[in-house]
Each structure stands twice: as structure tokens, then as C-alpha cells.
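Breakdown of the fold
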Amino acid sequence: MDVAKELAMENLKTNCGGPFGACVVKDNKIIGKGINKVLCDNDPTAHAEIVAIKDACKNINSYDLSGYEIYTTSYPCPMCLSAIIWSNIDKIYYGTTTNDVEELGFRDHRIYDYISQLMKNDDSNKMIENKCIDRESIIQIFKEFKEKDDKTIY
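Residues numbered from 1 in each chain as written. Predicted model: local features only at pLDDT ≥ 70, side-chain atom pairs only at ≥ 80, totals over all residues. Heavy atoms only, no water.

**Description of the pairing of strand β1 (residues 21-26)**
The element β1 is largely enclosed, with a buried count of five among its six residues. Where β1 and strand β2 (residues 29-35) come together, six bridges link them in antiparallel fashion. Opposite V25, over in β2, you have I30 as the bridge partner. Joining the antiparallel neighbours β1 and β2 is a turn of two residues, in which D27 adopts a positive phi near 50°. The pairing of β1 with strand β3 (residues 69-72) spans four bridges and is antiparallel. Within the sheet, the bridge partner assigned to C23 lies in β3 and is Y71. (Buried < 20%, exposed > 50% of the residue type's maximum accessible area, 1.4 Å probe, protein only. Helix = DSSP H or I, 4+ residues; strand = E, 2+ residues; numbered from the N terminus. Pairing = 2+ DSSP bridges.)

**Observations regarding the pattern of salt bridges**
Taken as a whole, this structure holds five salt bridges when the rule is applied. Two residues, R135 and E136, come together in a salt bridge whose shortest N-O distance is 3.7 Å. Residue class for R135 comes out partly exposed when judged on its relative accessible area of 49%. Classification of E136 as exposed rests on a relative accessible area of 56%. (Salt bridge = Lys/Arg side-chain N within 4 Å of Asp/Glu carboxyl O.)

**Section: helix α1 (residues 2-14)**
For α1, built from 13 residues, the straight-helix expectation of 18 Å at 1.5 Å per residue is met to within 8% by its first-to-last C-alpha distance of 19 Å. By the burial criterion, the buried members of α1 are A4, L7, A8 and N11. Axial view of α1: buried residues confined to an arc of 100°, hence all on one face. Away from its buried face, by an angle of more than 90 degrees, α1 presents the exposed residues D2, M9 and K13. Of the surrounding elements, those touching the buried residues of α1 are β1, β2 and β3. Positioned one or two residues after α1, N15 has a phi angle of 55°, which is positive. (Expected span 1.5 Å × (residues − 1). Arc of directions from axis to C-beta. Contact = heavy atoms within 4.5 Å.)

**Brief notes about the packing of aromatic side chains**
In this description, an aromatic ring pair is defined by two values, namely the gap between the centres and the angle between the planes. Applying the stated criterion across every chain yields a total of three aromatic pairs. Measuring from ring centre to ring centre gives 4.9 Å for Y75 and Y94, while their planes differ by 85°; the resulting arrangement is edge-to-face. Remark: Y94 occurs in strand β4 (residues 91-94) and Y75 occurs in the loop between β3 and α4 (78-86); sequence separation between them is 19 residues. Judged by relative accessible area, Y75 falls into the partly exposed class, the value being 26%. Note on Y94: relative accessible area 42%, which makes it partly exposed. (Phe/Tyr/Trp six-rings, centres within 6.5 Å; stacked < 30°, edge-to-face > 60°.)

Honestly, it's all geometry; don't read function into it.
Laid out in C-alpha cells, this is it:
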């Protein structure tokens, strides 16, 4: 966690993004590091966890981080949590909660609440319009993928 904190402190000086740092670790060795670079890169996906995951994957030349851990200065937002799950990271260590970042003006709770409502098929909070279109033709593409001999599922 010390490295994640140092990264967050360094990031305060750069104004690249919020006070967030993260590192991906395996066997007590840092494999990837990241800071929040949303403002510097004009990229809303450049959160510290995402940057650290990309760095780790590049460093080990794999998309699979099974057996790895991530240390992050705050509980991951929904996007970062999803990336952590997709990358197969086994453990998350975090320094602050979604309530703590909400006090800074970040809206993680709003997104978590929205996802929860979607899972309950509750359309009362239309944060963003959702509409399924052209499903049958996309299903055809899915069928072609399913029939491939050389497909990789991550």
C-alpha cells in the first residue's frame, strides 16, 4: 500500500487526475503501477487501477493476472472493479471507501446504484438511455465466433 500512497501523493503534484494510485503485485513484487491520468490524457478510463493493470499486463505479456493482487488508494469504482474482475486479479487491498471519495465529489455511488437498479430491472433511474438494437444480426456474429476452432475466451 505504501507504493500506492506514494503514487497518489506524486499525482497531487502533477494535476493529472485525482489523488489515486495503484499497483499490481505478485509474490511481493510490483508488476505494474498506475496513477489517475484522466486529466493529463483526456481519457475518462485512465484511472489508477486501469493504468496499473495495463502496465502489469504489458510487463508480463498477458491479459491474465490470476494469482496477482492490486493495492489501490480507494475502493475501485465500478469500471475499475470490472477491469479487476476481467483481469482475474485475486485480491484487492484498498485504503478508502466509496463514501470517502464521494466527499471529494466523485460519483461512484451513483454508478453502483444505477447498476443495482438495472439488475433489478428497475427503470426508475434513467441515468443513460439503454436500447437493444439489431440483436439478431449480432447473434449471427456470435454464432460464427462460437464455431471457431481457434477462439480465446478471457
